[in-house]
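Reading the structure
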Amino acid sequence: RPDVIHFHELNRSIGLTLAHLKLAKQTGAKIFVTMHLPFYSCNTNVLIYNDTLCDGIIRHYRCSECSYKTLFNIPSVFAKPLAGISLGAENASVTVKLPAGKVKSLLSVPSVISRIKSDLDELWQHADQLISLNNWYKKILVDNGVPANKISVAPLALVSTKKNTISKIKRP
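Summary of the structure given here. (Residues numbered from 1 in each chain as written. Predicted model: local features only at pLDDT ≥ 70, side-chain atom pairs only at ≥ 80, totals over all residues. Heavy atoms only, no water.)

Turning our eyes to something else, we now look at the overall build of the protein chain. Each helix and strand in the protein chain was counted, giving six helices and six strands. When the helices and strands of the protein chain are listed from N to C terminus, the series reads β-α-β-β-β-α-α-α-α-β-α-β. In terms of overall dimensions, the protein chain has a C-alpha envelope of 50 × 45 × 25 Å along the principal axes. Across the 172 residues that make up the protein chain, the buried fraction comes to 39%. Taking contacts inside the protein chain between residues at least 6 apart in sequence as the whole, the part at least 24 apart equals 58%. (Helix = DSSP H or I, 4+ residues; strand = E, 2+ residues; numbered from the N terminus. Buried < 20%, exposed > 50% of the residue type's maximum accessible area, 1.4 Å probe, protein only. Contact = heavy atoms within 4.5 Å.)

In structure tokens:
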């Protein structure tokens, strides 16, 4: 039986997932997870909202709108109302009744956002320690309900002494 199991990233759907972490926990070993990518806090995995760095707080409407713009390439003028419509469809349990297909995928974005939040909650509850590669992402995890004492920071080797002055990030 191992004393420690260290995951160097978990994915929400393929490869190593939360299910593997739960199985590993059953061995009685201490479980550590290094958070290399924001799979468990950002549906688009880029943490950019409206061409600026996102605060990373999981919010159904904003994250749905961003997903539509980033993943589906839907213009903002349509993404905003679509986020509202899809949230209404989710709240009225309409989405689950739709047949599989593009419409259901489009309207299911808010339920994906809900799953990201619940998966993040399960992740920190089953892991003994999460490891963030910087304080910025640690703050995102804490802002999403992860207890600060469950997160260690292992900074990357290159540390800038200059304050971040990036205000806008241009998309290609």
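By the secondary structure assignment, Ser 132 is in strand S5 (residues 129-132). Polar side-chain contacts of Ser 132 include one of 2.7 Å to the backbone oxygen of Asn 134. A distance of 3.3 Å separates a polar atom in the side chain of Ser 132 from the backbone nitrogen of Lys 138. Here Ser 132 is in contact with Tyr 137, Lys 138, Ile 151, Ser 152, Val 153 and Ala 154, once residues within four sequence places are set aside. (Polar contact = N/O pair within 3.5 Å; in protein donor to acceptor, adjacent residues only side chain to side chain.)

Turning our attention to the environment of Pro 2. For Pro 2, the position within the fold is in the segment before strand S1 (4-7). The exposure class of Pro 2 is partly exposed, given its relative accessible area of 35%. Apart from residues no more than four positions distant in its own chain, Pro 2 is found in contact with Thr 27 and Ala 29.

Moving on to unusual backbone geometry. Backbone phi values are negative for most residues with the exception of glycine, while trans is the configuration of most peptide bonds. Here Glu 9, not a glycine, exhibits a phi torsion of approximately 140°, which is positive. By the element assignment, Glu 9 lies in the loop between S1 and helix H1 (18-25). With phi around 60°, Ser 93 is a residue other than glycine that occupies positive phi space. With respect to the helices and strands, the residue Ser 93 is situated in the loop between helix H3 (76-91) and helix H4 (102-107). For Ser 93, a relative accessible area of 37% corresponds to the partly exposed category.

Its relative accessible area of 15% is what places Glu 9 among the buried residues. In terms of polar contacts, Glu 9 uses its side chain to reach the backbone amide nitrogen of Leu 37, at 2.7 Å. With sequence-adjacent residues up to four places away left out, Glu 9 is seen in contact with Leu 16, Thr 34, Met 35, His 36, Leu 37 and Phe 39.

On to the sheet that holds S1, then. Sheet strands associate in pairs through backbone hydrogen bonding, adopting either a parallel or an antiparallel arrangement. Strand order in this open sheet of four strands is S1-S2-S5-S6, and the pairing throughout is parallel. The sheet terminates laterally at S1 and strand S6 (151-153), the two strands that pair on one side only. Direction aside, neighbouring strands of the sheet carry axes that sit 25° apart on average. By the bridge criterion, three bridges tie S5 to S6 in an arrangement that is parallel. Each residue of the ladder has a partner; that of Ile 131, found in S6, is Ser 152. Sheet strands in contact with helix H6 (residues 135-143) are strand S2 (30-35), S5 and S6, and its direction is about 170° off that of S6. (Pairing = 2+ DSSP bridges. Axes fitted to C-alpha atoms, helices over the stretch in contact; angles between N-to-C directions.)

This brings us to the pattern of salt bridges. Applying the stated criterion to the full structure yields nine salt bridges. Among the ionic pairs, Lys 69 bridges to Glu 65, the shortest N-O distance being 3.2 Å. On the criterion of helical spacing, the pair formed by Lys 69 and Glu 65 is a turn pair, its members being four residues apart in helix H2 (residues 60-71). For Lys 69, a relative accessible area of 13% corresponds to the buried category. Residue Glu 65 is classed as buried on the basis of its relative accessible area of 1%. (Salt bridge = Lys/Arg side-chain N within 4 Å of Asp/Glu carboxyl O.)

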